[in-house]
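Given next are the chains, with one letter for each unit.
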Amino acid sequence: MHLAELNVAHLRAPIDSPELAEFVALLEPVNALADEAPGFVWRLKESETDPTATVVHDYGDYLLINFSVWESRESLWNYVYRSPHLGVLRRRKEWFLRMAEPYMVMWWVPEGRIPSLAEGMARLERLRAEGPGPEAFTFKEFYDVSEAASLPAAAEVRK
């Protein structure tokens, strides 16, 4: 099983505004860092040729989406908190509004399966509505792969 993660952020201004110019300039190096990180599997990209392109979606113009799949919790943790990504993460208040509800969700997917953005948004909504569980969890309230593998949905995917 691999670990899928989705996180969202509400931009303080339009993505092409001067207020976000520094953030946009950091997209290419931070995304390259993710792409080369040990344990990285996949991330949703808007463009294969423009590393600063953000994902276009139907969830609102000011909602920035980051969606990826990793080999393990440890590989994702190391990228988020033990790489230069952490320096950018620490500056998030400069570019994003504070969110009162959960903005990040994780869940297990069978190796080789890439989840859809709609599935990711549904998992985030589930986390917001029901709290953490084996089908939608966080780093702080994490569910091991063995807990998720016993769920009917995981068994259905394995067929």
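Residues numbered from 1 in each chain as written. Predicted model: local features only at pLDDT ≥ 70, side-chain atom pairs only at ≥ 80, totals over all residues. Heavy atoms only, no water.

Looking at this structure, I do not really get the environment of Leu97. What am I missing?
Looking at the secondary structure, you find Leu97 in the loop between helix H4 (92-95) and strand S4 (104-109). C-alpha separation for the pair Leu97 and Leu11, spaced 86 residues apart in sequence, amounts to 6.2 Å. Beyond its immediate sequence surroundings of up to four residues, Leu97 is in contact with His10, Leu11 and Arg12. (Helix = DSSP H or I, 4+ residues; strand = E, 2+ residues; numbered from the N terminus. Contact = heavy atoms within 4.5 Å.)

Could you clarify how one ought to interpret the layout of surface pockets in this entry?
Using a probe with the size of a water molecule, rolled over the atoms, empty space left in the structure can be pinpointed. A volume near 160 Å³ is recorded for the second largest pocket. Surrounding the second largest pocket, 10 residues form its lining, Thr54, Val55, His57, Asp61 and Leu63 being those nearest its centre. Classifying every residue of the lining of the second largest pocket gives 6 nonpolar, 3 polar and 1 charged. (1 Å grid on protein atoms, 1.4 Å probe; cavity = no way out; pocket = protein on both sides within 12 Å on 5 of 7 lines; lining within 4 Å. Points joined across faces, edges and corners; volume = space filled by probe spheres on them. Nonpolar A, V, L, I, M, F, W, Y, C, P; charged D, E, K, R; others polar.)

What should I look at first to understand the sheet that holds strand S1 (residues 2-10) in this one?
To summarise the sheet geometry, strands pair through backbone hydrogen bonds and adopt either a parallel or an antiparallel arrangement. Spatially, 4 strands are ordered S2-S3-S1-S4 in an open sheet, and the strand pairing comes out antiparallel. The two strands at the open ends of the sheet, each matched to only one other strand, are strand S2 (40-43) and S4. Sheet twist, expressed as the mean angle between neighbouring strand axes with direction ignored, is 20°. Two strands pair when backbone bridges link them, and S1 and strand S3 (residues 63-70) are joined in this way by 8 bridges, in the antiparallel orientation. Within S3, the residue paired with His10 across the bridge is Leu63. (Pairing = 2+ DSSP bridges. Axes fitted to C-alpha atoms, helices over the stretch in contact; angles between N-to-C directions.)

Before we go on, may I ask you to explain the pattern of salt bridges in this structure?
Pairing is possible between side chains that carry opposite charge, provided their charged atoms lie close to one another. As enumerated under the stated definition, the model contains 10 salt bridges in all. In this structure, the salt-bridge partner of Glu119 is Arg123, at a minimum N-O distance of 3.1 Å. Of this pair, Glu119 and Arg123 both sit in helix H5 (residues 117-130), 4 residues apart, roughly one helical turn. Accessibility assignment for this pair places Glu119 and Arg123 in one class, buried. (Salt bridge = Lys/Arg side-chain N within 4 Å of Asp/Glu carboxyl O. Buried < 20%, exposed > 50% of the residue type's maximum accessible area, 1.4 Å probe, protein only.)

Mind showing me how you'd approach helix H1 (residues 21-35) here?
Residues separated by three or four positions in an α-helix point in the same direction, a consequence of the helix having 3.6 residues per turn. Between its first and last C-alpha, H1 extends 22 Å over 15 residues, near the 21 Å set by a 1.5 Å rise per residue. Within H1 the residues assigned to the buried category are Phe23, Val24, Leu27, Val30, Asn31 and Ala34. In the core, the buried residues of H1 are packed alongside S2, S3, helix H2 (73-81), helix H3 (85-89) and H4. (Expected span 1.5 Å × (residues − 1).)

Explanation requested: H2 in the structure shown.
Turning to H2, its buried residues are Ser75, Leu76, Tyr79 and Val80. On an axial view of H2, the arc spanned by its buried residues comes to 125°, and they lie on one face. Against S1, H1, S3, H3 and S4 lie the buried residues of H2. (Arc of directions from axis to C-beta.)

Hey, could you run me through the nonpolar core in this one?
Inside soluble globular proteins, nonpolar side chains tend to come together where they are buried. Counting 41 residues, the largest nonpolar core has Leu6, Ile65, Leu76 and Trp107 as the members making the most contacts within it. Those elements that place two or more of their residues in this core are S1, H1, S3, H2, S4 and H5. Once you skip the residues sitting within four places of it in the chain, Ile65 turns out to touch Leu6, Asn7, Val8, Val55, His57, Tyr59, Leu117 and Met121. (Core = buried A, V, L, I, M, F, W, Y, C linked by side-chain atoms within 4.5 Å.)

Please explain the environment of Arg123 as it appears in this structure.
In sequence terms Arg123 and Val105 are 18 residues apart; their C-alpha atoms lie 6.8 Å from each other. Among all residues touching Arg123, those that are not within four sequence positions of it are Val105, Trp107, Glu135 and Ala136.

Quick question: what am I supposed to make of the packing of aromatic side chains here?
Aromatic ring pairs are described here by two measures, namely the spacing of the ring centres and the angle between the planes. Inspection of every chain in the model, using the stated rule, returns 13 aromatic pairs. Relative to Tyr81, the ring of Trp77 has its centre 4.4 Å away and its plane inclined at 45°; by these criteria the two rings are tilted. A residue pair is termed a helical-turn pair when its members lie 3 or 4 positions apart in one helix, as Trp77 and Tyr81 do in helix H2 at 4 residues. A residue is classified by how much of its surface remains accessible, and Trp77, at 28% relative accessible area, is partly exposed. Plain terms: the ring middles of Trp108 and Phe142 are 5.9 Å apart, the flat faces sit at 80° to each other, and that makes the pair edge-to-face. Of this pair, Trp108 sits in strand S4 while Phe142 sits in the loop between H5 and helix H6 (145-149), placing them 34 residues apart in sequence. Under the relative-accessibility criterion, Trp108 is labelled buried at 11%. Looking at Phe142, the relative accessible area reads 23%, which means it is partly exposed. (Phe/Tyr/Trp six-rings, centres within 6.5 Å; stacked < 30°, edge-to-face > 60°.)

Nothing here speaks to function; it is geometry throughout.
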